[in-house]
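As a plain string of letters, each chain reads:
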Amino acid sequence: MQVTVNLRFKKFDGGRIGHMSKLQWEIGIAVDTEINEVNGVHPDCVPALCRDGEGSLWAVAGHSGYGKFGVFKGRNADDIKKLYDAELLFPTGPAGTAFGGQKHPYPDGPLPRGEVWATGLWIVPENATKYPGRFYALVHNETGWGSGSTGYTAYAQEEGEPDFRHIGLMSSDDRGKTWDFHGWVITAAEPCYTELYRPDGISTGGQKAGIINLGAGDLSVFFNYDEKMLYCFYSMVWYNMDDRSVVSDKIYVARAKMQKTGELGEFEKYHQGSFCTPGNGGAETAVMTGGAEPCVAYHKPLGRYLMTTYNRAYWGKGPTLQVCCSDNLTDWTEPVRIVETHSELSMPYYALCGCEPSQPHNFLGEEFDLLVCSNNTDISRHKVKTRCDE
């Protein structure tokens, strides 16, 4: 079965899209990939993909709390194969030992804890003067899972959700076999605890019970080659503690300069029209509202950036996939649902992947792959064919 839909993008408040654009999508049936439980991994985030300088497509999949991290390589998503399991050279789990304890505390005070999900991969070009070919991965972390008795949520010391998210950075200099942790690089302006439960003996502060921010996480990356900037698009969940419900999902963006050495600079968040606040604890302005789990790519035929997200309201009820577009990475159109009938697309995690080895994986032609998964499920692939009409 194939589903064909027409999208018309409407100008987002303050955006620069000067006219209506029409993009037709033809989405093919789901096809299995090698990124699956049989290979020891349990994907649970936006798939982390990147091409190296030779055009090979790499993926890092899985998370430290369930199964293993797997490193995969191929020419494209249709022939990607597992190479080996990755090893983390740092502990995860309970507070006090995880991430080196006091060596890498959360920026607002508590000890780090929990596991990591690798969901933003970038491979340094071979012409870097110090770290050619280095793998960087931005990781998602939560306080309520994989922390043993030290896990906590917005309500209490307990396992589960709603818990708090943080974004950390790790790197590998042996093509993903082993990984070092560098610390936390993007965290919310609000503290990662509430007045109802303050971890680690903290006696004051915390978000007031009511509508709270669950922190920065659920991310993907896009490298802007002209600027030499690594953009991180990340989600924040706004949660009502009184009726235990999600109020809204919003997308934010931060960026860091890639140095000639291959080292990554400090992240700065986008806030009120410019990148001007620190990645850790700085204020941020949403670039899109009404979606989570972003993935950004440049669609060459359209001449604009696309962002896929999932619409939480439809999860388990119908297709969740939605898309918006931009011509500058900060001003985005309102999201539009891709399909109204396609049962295989009621999922939270989507990744766009181009099919031209000579181009970065997130540069798309008229045809590209859409990778899809849910919580701890195998990744499937849909072939997408597009046509643009101005």
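Up top is the structure these notes are about.
This one's a predicted model, so the numbers in the text were calculated from it and none came from an experiment.

The rules behind these values
Residues numbered from 1 in each chain as written. Predicted model: local features only at pLDDT ≥ 70, side-chain atom pairs only at ≥ 80, totals over all residues. Heavy atoms only, no water. Phe/Tyr/Trp six-rings, centres within 6.5 Å; stacked < 30°, edge-to-face > 60°. Helix = DSSP H or I, 4+ residues; strand = E, 2+ residues; numbered from the N terminus. Buried < 20%, exposed > 50% of the residue type's maximum accessible area, 1.4 Å probe, protein only. Contact = heavy atoms within 4.5 Å. Salt bridge = Lys/Arg side-chain N within 4 Å of Asp/Glu carboxyl O.

Novice: A description of the packing of aromatic side chains should follow, citing residues and the corresponding values.
Specialist: Per the stated rule, a full pass over the model turns up 25 aromatic pairs. Ring geometry for phenylalanine 99 versus tryptophan 184: centroids 5.0 Å apart, planes at 65°, classification edge-to-face. Here phenylalanine 99 is found in the loop between strand E8 (87-88) and strand E9 (117-123), whereas its partner tryptophan 184 is found in strand E12 (residues 178-186), with 85 residues between them in sequence. Taken individually, phenylalanine 99 and tryptophan 184 each receive the classification buried, so the pair is uniform in this respect.

Novice: With reference to specific residues and values, describe the environment of glycine 215.
Specialist: Along the chain, the position of glycine 215 falls in strand E13 (residues 211-224). Linking glycine 215 and glycine 65, residues 150 residues apart in sequence, is a C-alpha distance of 20 Å. Once you skip the residues sitting within four places of it in the chain, glycine 215 turns out to touch Arg165, Ala188, Ser235, Met236 and Val237.

Novice: With reference to specific residues and values, describe the pattern of salt bridges.
Specialist: This structure, assessed with the given rule, holds 17 salt bridges. For the salt bridge of arginine 165 with glutamate 142, the shortest nitrogen-to-oxygen distance reads 4.0 Å. With arginine 165 in strand E11 (residues 165-172) and glutamate 142 in strand E10 (residues 135-142), this residue pair connects regions lying 23 residues apart in the sequence. When its relative accessible area of 9% is taken as the criterion, arginine 165 is described as buried. We note a salt bridge from aspartate 369 to arginine 381, for which the minimum N-O separation is 3.2 Å. Of this pair, aspartate 369 sits in strand E25 (residues 367-373) while arginine 381 sits in strand E26 (residues 380-389), and the two are 12 residues apart along the sequence. The class for aspartate 369 is buried, based on a relative accessible area of 1%. Three or more residues joined by partner-sharing salt bridges are found here, namely Glu142, Glu161, Asp163 and Arg165.

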